[in-house]
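Chain residues, written in single-letter form:
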Amino acid sequence: MAVEVLTAADGREKTALSRRHAATWFAARAAGRDLAVGSAAPPLRPARPDLPRLLDPRDVPRRRPGTAPGRLAILHAVAHIELNAVDLHWDIIARFTDVKMPLGFYDDWVKAADEESKHFNLVCDCLEEKGSHYGALDAHAGMWRAAEDTAEDFMGRLAVVPMVLEARGLDVTPGMIDLFQGAKETRTVDALKVIYAEEVAHVAYGSKWFHFLCGRHEMDPKTAFHDLVRRYFHGALKPPFNEEKRAEAGLPPDFYWPLANGPVPGT
């Protein structure tokens, strides 16, 4: 099921498959007939539609967020992030089946993939209401780099994707909500509030299973996290940090502040 999602190119088709497979998984779990996890060979890169064009981050045009075109560009970027997140969550399910994990691990990432699929469609609906669509603007080609870099490192994947990249979403989304509220774009505000509320759990899943594996291997989680992020993440983490929501997701300040090239505040 995961590989079927990863090899579907069209965003709406990919997310429809994702939601259908998630429903199948949870229906089986509720009925007490757990589906076999099995194994499959996920592609190194997921299928993508012909558009948007994927550019080097330096070549993606910058638009002023205070303008209507700028807000449209932000929405398009969010749709692109959400579509990548769908693939990232199904990829972690399929890629690391050589490591025996509790069924709760699959429950969490199937749920996260289902929610990211909902998020993508919410944002696409907002784009279409404005006369645009996903693929109308160029997008960031670097989104999948973290997945490729950690394709053979399960703990590295957990550290970099949910605990760094998705945690960054907790930092920036409140500002986006304020921006669209100021422009009285109610539908977009409602979509972003759903995304913000549900992303906390996705970061928490990363933290939970990272700590689980650290316990299994008798590793110090903070030291392991710092080592893996320095190995796989390119550049320092950027404050300001949403410390309240990060804490809610199981990320204390002494995990991320040292990676921002500065001391932990208050120490």
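Here is a short report on the structure shown in this document.

Reading guide: rules and limits
Along each chain, the written sequence defines residue order, and numbers are assigned to residues from 1. The model is predicted, so local features are restricted to residues of pLDDT at least 70 and side-chain atom pairs to those at 80 or more, both for listing and for counting; the totals for chains, interfaces and linings are taken over all residues. As a rule here, side-chain values cover all heavy atoms of the structure and leave hydrogens and water aside. The way it works is that DSSP assigns letters per residue, a run of H or I at least four long becomes a helix, a run of E at least two long becomes a strand, and they are numbered from the N terminus. Each residue is placed in one exposure class: buried if its accessible area under a 1.4 Å probe, protein chains only, is under 20% of its type's maximum, exposed if it is over 50%, and partly exposed if it falls in between. A contact between two residues is defined here by any heavy atoms of the two lying within 4.5 Å. Put simply, buried Ala, Val, Leu, Ile, Met, Phe, Trp, Tyr and Cys residues joined by side-chain atoms within 4.5 Å make one nonpolar core. In this analysis, the expected span of each helix is defined as 1.5 Å times one less than the number of residues it contains. Any pair of nitrogen or oxygen atoms within 3.5 Å is treated as a polar contact; in protein, a donor-acceptor pairing is required on top of that, and neighbouring residues in sequence qualify only through side-chain atoms on both sides. Salt bridge, as used here, is a side-chain nitrogen of Lys or Arg placed within 4 Å of a carboxyl oxygen of Asp or Glu. Between 30 and 60 degrees the pair is tilted, below 30 it is stacked and above 60 it is edge-to-face, where a pair is any two Phe, Tyr or Trp rings, Trp via its six-membered ring, whose centres lie within 6.5 Å. Each ring is checked for a lysine NZ or an arginine CZ that lies within 6 Å of its centre and within 35 degrees of its normal; such an atom marks a charge sitting over the ring. Axis definition: a line fitted to C-alpha atoms, over the contacting stretch in the case of helices. Angles run 0 to 180 degrees between N-to-C directions. By convention the crossing between two helices is left-handed if the near helix lies anticlockwise of the far one by an angle smaller than a right angle, and right-handed if it lies clockwise. Ten residue types, Ala, Val, Leu, Ile, Met, Phe, Trp, Tyr, Cys and Pro, are classed as nonpolar, four, Asp, Glu, Lys and Arg, as charged, and the remainder, Gly among them, as polar. Think of it this way: the bend at a residue is just the angle between two axes, each fitted to seven residues, one set ending at that residue and the other starting at it.

1. Overview of the overall build of the protein chain
Across its full length, the protein chain holds 10 helices and two strands. Its C-alpha atoms put the protein chain at 50 × 50 × 35 Å along the principal axes. Buried residues in the protein chain amount to 48% of all 267 residues. Sequence-distant contacts, at least 24 apart, represent 79% of the contacts inside the protein chain between residues at least 6 apart.

2. Some remarks on the nonpolar core
Within soluble globular proteins, side chains that are nonpolar generally end up buried alongside one another. Counting 73 residues, the largest nonpolar core has Trp90, Trp109, Phe210 and Phe225 as the members making the most contacts within it. Among the elements that take part in this core, helix α6 (residues 154-182) stands out by supplying 13 residues, more than any other.

3. Here's the deal with helix α4 (residues 103-129)
Under the 1.5 Å per step criterion, the end-to-end length of α4 is 39 Å for 27 residues, consistent within 8% with the ideal 39 Å. In terms of burial, α4 is largely enclosed, as 19 of its 27 residues are buried. Within two residues after α4, Gly131 carries a phi angle of roughly 85°, on the positive side.

4. Brief notes about the side chain of Asp153
By the secondary structure assignment, Asp153 is in the loop between α5 (145-149) and α6. The class for Asp153 is buried, based on a relative accessible area of 15%. Polar contacts involving the side chain of Asp153 include one to the main-chain amide nitrogen of Gly156, which spans 2.8 Å.

5. Some thoughts on the pattern of salt bridges
One pass over the full model with this rule turns up 25 salt bridges. A salt bridge links Glu129 to Arg187, with the nearest nitrogen and oxygen atoms 3.5 Å apart. Of this pair, Glu129 sits in helix α4 while Arg187 sits in helix α7 (residues 186-216), and the two are 58 residues apart along the sequence. Note that Asp171 and Arg246 form a salt bridge whose closest N and O atoms lie 2.7 Å from each other. Separated by 75 residues along the polypeptide, Asp171 in helix α6 and Arg246 in helix α9 (residues 243-248) bring together distant segments of the chain. An identical accessibility class is assigned to Asp171 and Arg246; each is buried. Salt bridges sharing common partners tie together Arg12, Asp125, Glu128, Glu129 and Arg187.

6. So, the environment of Arg19
Within the secondary structure layout, Arg19 lies in helix α2 (residues 11-30). Apart from the residues lying within four places of it in its own chain, the contact partners of Arg19 are Asp114, Ser117 and Lys118.

7. Section: the packing of aromatic side chains
Aromatic ring pairs: the centre-centre distance and the angle between the two ring planes describe each pair. By the definition in use, this model includes 13 aromatic pairs. Ring centres of Trp25 and Tyr106 lie 6.4 Å apart, and the angle between their planes is 55°; this geometry places the pair in the tilted category. Taken together, the residues span a long stretch of sequence, with Trp25 in helix α2 and Tyr106 in helix α4 at a distance of 81 residues. Considered together, Trp25 and Tyr106 belong to a single accessibility category, that of buried residues. Ring geometry for Phe105 against Trp209: centres 5.6 Å apart, planes inclined by 80°, an arrangement best described as edge-to-face. With Phe105 in helix α4 and Trp209 in helix α7, this residue pair connects regions lying 104 residues apart in the sequence. Like Trp209, Phe105 is buried. Here the aromatic residues Trp25, Phe96, Phe105, Tyr106, Trp109, Phe154, Tyr205, Trp209 and Phe212 are joined through ring pairs into a cluster of three or more. Seen from the ring of Tyr256, Arg246 lies directly overhead, with NZ or CZ sitting 4.4 Å from the centre.

8. Here we look at the packing of α2 against α4
Helix packing for two helices is described by the angle between their axes and how far apart those axes are. Contact pair α2 / α4: the axes reach a minimum separation of 9 Å and the direction vectors enclose 145°. Between α2 and α4 lies a crossing of left-handed hand. Along the lines of polarity and charge, the residues of the contact of α2 with α4 split into nine nonpolar, six polar and nine charged.

9. What to know about the side chain of Arg95
Here Arg95 is to be found in helix α3 (residues 68-95). The class for Arg95 is buried, based on a relative accessible area of 18%. Beyond its immediate sequence surroundings of up to four residues, Arg95 is in contact with Pro42, Pro43, Leu44, Ala151 and Arg157.

10. Thoughts on α7
Between its first and last C-alpha atoms α7 spans 46 Å; for 31 residues at 1.5 Å apiece the expected length is 45 Å, and the two agree. Considering bend angle alone, the principal kink of α7 is centred on Glu198 and spans about 25°. Glu218 occupies a position one or two residues after α7 and carries a positive phi of about 55°.

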